[in-house]
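In case you want the letters, here they are:
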Amino acid sequence: RVVLDSRARLPSTSRLVRSAGEVPVLVITAPQAGAEDVARLTAAGCEVFCCGGSNRVERLDTLLAELGRRRMTNVLVEGGSQVLGTLLDLDQIDEVHVFLAPKLFGGAAAPGPLAGLGRAAIEDRAQLEEMRIQAVGQDVYVSGRVRRTAPPA
């Protein structure tokens, strides 16, 4: 289990931390994480790895290199819009699995599923292929592999 927690604020009472002795937990922090919090997580049995870099893209790139070094080549990411958008910006998403609930909400300030830099032009998009759509209860499950469009010549 790998947890992205730039400031090492994962509560000691969380199930992840409490079970770190049984199932390994790697907590990924940024340089601004407090030494006291890092020590607390380490004492609880978590491994803490600090990803250097001045921004989210550099830190995620460092993390992916570290996971590769550890031979973790298939990673399931359950993340928010910033993490998922940055991974898309880095072209590091091969496959997607999305559950859509039949609920509508939003507004101009509502976060979308993907943040990051995004794509400036529609022809630069990533597109799903081998897409499957399935009803799961009242939700809709969409999955597919990401096909990247070729960059313009």
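The coordinates are above.
Please read these numbers as outputs of a predicted model, since none were measured by experiment.

Basis of the calculations
- Every chain is numbered independently, its residues counted from 1 as its sequence is written.
- Only residues with pLDDT of 70 or above have their local features reported here, since the model is predicted, and side-chain atom pairs are shown and tallied only from 80 upward, although totals for entire chains, interfaces and linings are computed over all residues.
- Heavy atoms throughout the structure, all of them, feed into the side-chain values; hydrogens and water do not.
- Being paired, for any two strands, means DSSP has found at least two bridges between them.
- To qualify as a helix, a DSSP run of H or I must reach at least 4 residues; to qualify as a strand, a run of E must reach at least 2; elements of each kind are numbered from the N terminus.
- Lines are fitted to the C-alpha atoms to define the axes, a helix being fitted only along its stretch in contact, and any angle between axes, read from their N-to-C directions, falls within 0 to 180 degrees.
- Patch membership needs two things, relative accessible area over 30% and no salt bridge, and members are linked within 9 Å if like-charged or within 5 Å if nonpolar (Val, Leu, Ile, Met, Phe, Trp, Tyr).
- Surface accessibility in these figures is a Shrake-Rupley result with a 1.4 Å probe; residues are shielded only by whichever protein chains are displayed.
- Salt-bridge detection follows one rule: a side-chain nitrogen of Lys or Arg within 4 Å of a carboxyl oxygen of Asp or Glu.
- When a residue's accessible area, from a 1.4 Å probe over protein chains only, is under 20% of the maximum for its type it is buried; when over 50% it is exposed; and in between it is partly exposed.
- Handedness of a crossover is defined as follows: orient the strands so they point away from the viewer, and if the path from the first strand over the helix to the second runs clockwise, the crossover is right-handed.
- Polar contacts, as used here, are pairs of N or O atoms within 3.5 Å; protein pairs need one atom able to donate a hydrogen and one able to accept it. Residues neighboring in sequence count only if both atoms are side-chain atoms.
- By convention a nonpolar core is built from buried Ala, Val, Leu, Ile, Met, Phe, Trp, Tyr and Cys residues, the set being connected through side-chain atoms within 4.5 Å.
- Any two residues whose heavy atoms approach within 4.5 Å at even a single point are treated as in contact.

A few points about the sheet that holds strand β2 (residues 26-29)
Argument step 1. As summarised here, the arrangement of the three strands in space is β1-β2-β3, forming an open sheet in which the pairing is parallel. Single-partner strands in this sheet number two, and they are β1 (2-4) and β3 (47-50). With direction set aside, neighbouring strand axes in the sheet form an average angle of 25°.
Argument step 2. In this sheet, β2 lies alongside β1 in parallel orientation, the contact comprising three bridges. Note on β2: the bridge partner recorded for Val 3 is Val 27.

Examining a nonpolar patch on the surface
Argument step 1. Side chains of Val 2, Leu 4, Met 72, Val 75 and Val 77 sit close together on the surface and give an oily, nonpolar patch of about 370 Å² of accessible area.
Argument step 2. Take Val 75: it is sitting in the loop between α3 (56-69) and α4 (81-89).

Structural notes on the pairing of β2
Argument step 1. Burial of the side chains of β2 extends over both faces: Leu 26 and Ile 28 are buried on one face and Val 27 and Thr 29 on the other.
Argument step 2. Pairing of β2 with β3 involves four bridges; the strand directions are parallel. Note on β3: the bridge partner recorded for Thr 29 is Cys 50.
Argument step 3. This β-α-β element, β2 to helix α2 (residues 35-43) to β3, shows right-handed connectivity.

Points about the environment of Arg 70
Argument step 1. Positionally, Arg 70 belongs in the loop between α3 and α4.
Argument step 2. On the accessibility criterion, Arg 70 (26% relative accessible area) is partly exposed.
Argument step 3. Polar side-chain contacts of Arg 70 include one of 2.6 Å to the side chain of Glu 47.

A short note on the nonpolar core
Argument step 1. In terms of nonpolar packing, the biggest core is built from 13 residues, with Ile 28 and Leu 63 touching the most fellow members.
Argument step 2. Contributing elements (two or more residues each) for this core: β2, α3 and α4.
Argument step 3. The contact partners of Ile 28, leaving out residues within four places of it in the chain, are Val 2, Val 3, Leu 4, Asp 5, Ser 6, Phe 49, Cys 51 and Leu 63.
Argument step 4. By size, the runner-up hydrophobic cluster in this structure holds ten residues, among which are Ala 8, Val 27, Ala 33 and Cys 46.

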